[in-house]
Structure formats: C-alpha cells, structure tokens
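# Topology and contacts: notes
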Amino acid sequence: GLLVTTCGLLRHRPGGGGAYWVDSQQKRYVPVKGDHVIGIVTAKAGDVFRLDVGGSEPASLSYLAFEGATKRNRPNVQVGDLIYGQFVVANKDMEPEMVCIDSSGKSSGMGIIGQDGFLFKVSLGLIRKLLAPKCEIIQELSQLYPFELVIGMNGRIWVKAKTVQQTLIIVNILEACEYMTAEQRKQALAKLSGN
Amino acid sequence: SLSPGDTSVLAGLYGPAEAKVSKELPDRAALEVLLRPKVGLPGVLERSREQLLRQTCEAVILGVLHPRTAISLVLQVLSDAGSLLSCCLNAACMALLDAGLPLATLFCGVTCALQPDGTILLDPTAQQEQEARAILTFAIASSERKVLMASTKGSCSVEEMQQCLVAAQRAATTIFQFYRDSVRRRYSKC
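Residues numbered from 1 in each chain as written. Chains lettered and ligands numbered in written order. Predicted model: local features only at pLDDT ≥ 70, side-chain atom pairs only at ≥ 80, totals over all residues. Heavy atoms only, no water.

How we decide: UniProt positions are given in the numbering used here, feature names are shortened, and annotations may be inferred rather than shown by experiment.
As recorded in an unreviewed UniProt entry, chain B goes by Exosome complex component RRP46 and comes from Cisticola juncidis. Under the UniProt heading Sequence similarities (unreviewed entry), the note attached to chain B is "Belongs to the RNase PH family."

An unreviewed UniProt entry lists chain A under the name Exosome complex component RRP40, with Cisticola juncidis as the source organism. Recorded in UniProt for chain A, the comment headed Sequence similarities (unreviewed entry) runs: "Belongs to the RRP40 family."

### Overview of a nonpolar patch on the surface
Which entries qualify depends on this criterion: Patch construction takes residues with relative accessible area above 30% that form no salt bridge. Like charges are linked within 9 Å, and nonpolar side chains (Val, Leu, Ile, Met, Phe, Trp, Tyr) are linked within 5 Å. The method behind every accessible area is Shrake-Rupley, applied with a 1.4 Å probe, and residues are considered shielded solely by the protein chains displayed. Criterion for a salt bridge: a side-chain nitrogen of Lys or Arg within 4 Å of a carboxyl oxygen of Asp or Glu. We call a residue buried when its accessible area falls under 20% of the maximum for its residue type, exposed when it is over 50%, and partly exposed in between, using a 1.4 Å probe and counting protein chains only.
A contiguous nonpolar surface patch, about 450 Å² in accessible area, is contributed by A:V4, A:L10, A:Y20 and A:V22. For A:V4, a relative accessible area of 60% puts it in the exposed group.

### So, the interface of chain B and chain A
Where the parts come together, the accessible area they lose is often given as the size of the interface. Applied cut-off: By the convention used here, residues are in contact when the closest approach between their heavy atoms is within 4.5 Å. Accessible surface is computed with a 1.4 Å probe, and the buried area is the amount of it that two parts give up when combined, taken over both parts together.
With 23 residues of chain B in contact, the opposing surface of chain A contributes 19 residues. Summed over both partners, the interface of chain B with chain A buries about 1700 Å², with 55% contributed by carbon and sulfur atoms. For chain B, the biggest contributors to the area lost against chain A are B:E18, B:R68 and B:Y187; these three give 30% of the whole. For the interface between chain B and chain A, the tally reads one salt bridge. For B:R68, the salt bridge goes to A:E57, with nearest N and O atoms at 3.4 Å.

### Notes on the UniProt feature "domain: K Homology" (unreviewed entry) in chain A
This is how it is decided: Counting from the N terminus, the helices are the DSSP runs of H or I reaching at least four residues and the strands are the DSSP runs of E reaching at least two.
In the numbering adopted here, UniProt assigns the feature "domain: K Homology" (unreviewed entry) to residues 117–165 of chain A. Span residues 117–165 of chain A is 39% helix and 31% strand, its end C-alpha atoms 11 Å apart.

### Observations regarding the packing of aromatic side chains
Which entries qualify depends on this criterion: Ring pairs shown here join Phe, Tyr and Trp side chains whose ring centres sit within 6.5 Å, with only the six-membered ring taken for Trp; geometry is labelled stacked below 30 degrees between planes, edge-to-face above 60, and tilted in between.
Inspection of every chain in the model, using the stated rule, returns three aromatic pairs over all chains. Measuring from centroid to centroid gives 6.3 Å for A:F118 and A:F120, while their planes differ by 40°, and the two rings are tilted. Relative to B:Y179, the ring of B:F176 lies with its centre 5.8 Å away and its plane at 75°, an arrangement referred to as edge-to-face. Residue B:F176 and its partner B:Y179 are both found in helix α4 (residues 158–187); the two are separated by three residues, about one turn of the helix. For B:F176, a relative accessible area of 10% gives the class buried.

And the structure:
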C-alpha cells in the first residue's frame, strides 16, 4: 500500500508518465545526492575538509575534487570558507561526500565562494520557489541593484552587492519573501527604488 | 503553542541533528523529550510524562529513515488548567507535523474524567480533575483510531474504561479536523 509520511500540498505534473509528490515546508535539510549546497569549512583533516551543510552530519570534501587540483597544486581552502558544491554520496547510512566538479571535470560555478558578501538561512520551501525557472523575485530584485547570488538547497543563500547597505536590503527582502504575497513584495520594491 | 481552554503548552522540535556518540542508535533516530513545568525544576512527574510522550512519539516517527541522528522535543508548560498530558500530546504532534518529520500516523491526546456518579467528562478542568474518581488519558492514532498510549490515575472498572475509550475516539475526530484546518491555513500562504 501507499503511506503518506509528511504533511504538505499534493502536487501533480502531467508530463511524461505523470508524477505526484507532496510539497512540504521544512527548515531542516537532509542531504540528497545531486543537490547543490553551500557548506562552511569547519576542519581540515589530512586530505579531506569537513563541511557543515546544516544536516545531521558534517560532509567530507576531498582536496582533489576541485577543477585543476593535483597533489602538487592544492586548492587554497581555509577553515571558515564558504564552498558551493554538490553531493556525490548522500544516504542515511553513510557520511555525505561533496565535490566541486561535475561529471566532466569542469567546475561549472562550483568551488570556493569569494570574500565579503552575506550568508543567511531561509526555509527550504523558499529556496525551491527561488530556484524555479523564471522566478519573479529574482527578476524584480535584479532591476533594483546588481548583485551576486548563490543559492544552496540546504536553505543557505549568499548575497553580495556593491555596498554593505545594498547587500543588507536584498537580504531583508529575501527573508521577508517567505511571508509576503506578490503585491506586498512589489509595493516594498517600488518604495525602495523610489528612494 | 496549543491551548484547549486555559491549558497552554509551547512545543519546539529540533532534528534530525547530530547525536552524541553515547546516545546515537545505529539503526534509528534517538528521540529525546524534555518537559519543563511552569514553575520550579522538572521533577519525577515530569520525567514520567516525558517517558510516556517519548514512547508515543517513537511509535509514530519513522526513525529508520534517519539512523544515528537525534531528534529533540522540548515542551514548556505556559499555563495549566487541567488535561495537561493530552495538551502536551497534541502540541507534540503539531510540532512533528510542522517540522516535516516523516510520521507513520498522526496522534492526538484526549483526557476523560470519570465522576463519582459514573458520568464521563472530556477535557476536564483542574477542579473537575480533583473531584473525579479516575482520570484516563489516551493517545489515539489517526489511522483507524487505534490506541497508542493509555494512562490512568485512580480506579475504574473495565467497562467504564471501554466507555471512556469510545468517547475519546469520537472526540479525536474533532482534534484531527483542527490539525487539518491549522495546516491548511499555514499552507495557504505559500
């Protein structure tokens, strides 16, 4: 038989064979293979780095899992750095493992996230909304100020704009998007661009 | 935060998080329940209630999906005007729902007070609890209204217990409808 285990909205995608899934709102992340996440380096243990990804265990990242890394040419990763990578091993029985290269060996945007910027945490539901194709929130924000944005599936977002004040404004809008409706958001952005 | 009448309990759920090596279980999640009374330090009564809550929650949480992790449930009593244990059970279930933890079934808590003349009162106040001959608390599951936990204080006959159980199962339907409405309100904002 079929058992529903989480509460949420039942969604249906008619394309292909059709798919049904339950869309639930959570804040706690559980590592899933293939997810792109932002991790914080907590320790260097020999050849692997330990990263905090917000799950129940720290993930491991080998120093060879970067583009162009060899035994002689090690990546410059310090404790406290932010890394954007994806999971290659993530199940309930083993410690999760991350890499910063994709299957062809290219980094495709993954790796160490640069200096400055601001990291904050939101719920997983908001992340899925932001990562949906043609997300209105991101388009409207990009008309406000230019900024760099990294979204991790573990609920973490990193933002960097030209000045600290602009960065904080974008952070506050993204955090508030969770509870605002579309009209309230448009009003808030109109007020800010008017200033 | 859940309050039937004037009894109010605040529940917070954390997990699945990293477990201490001494507490982790190799095949399932380790559940820990902490019940803090409104005044004073937690005593023996709180400890026994914590164990009842823990065993009920362990029966519904699918712990095998998260081995070697720890799930912590913290309950703070804000006000107590009777039926405290069933209020804690309801708060615990809503916290589990809100956190999105995988559950096999929902559960709710119902308290019955058996008065000296034999009538059954549901969700008694503190005054009614004092006067009652026996107080029975049941944790009822949402699938087929099965009994997950039964706790009795005082003495009653087997038939009276059966009658209280039937009344509690009927009352459980109202509580599950309340869960559904609360969750619907929450998801309507998405």
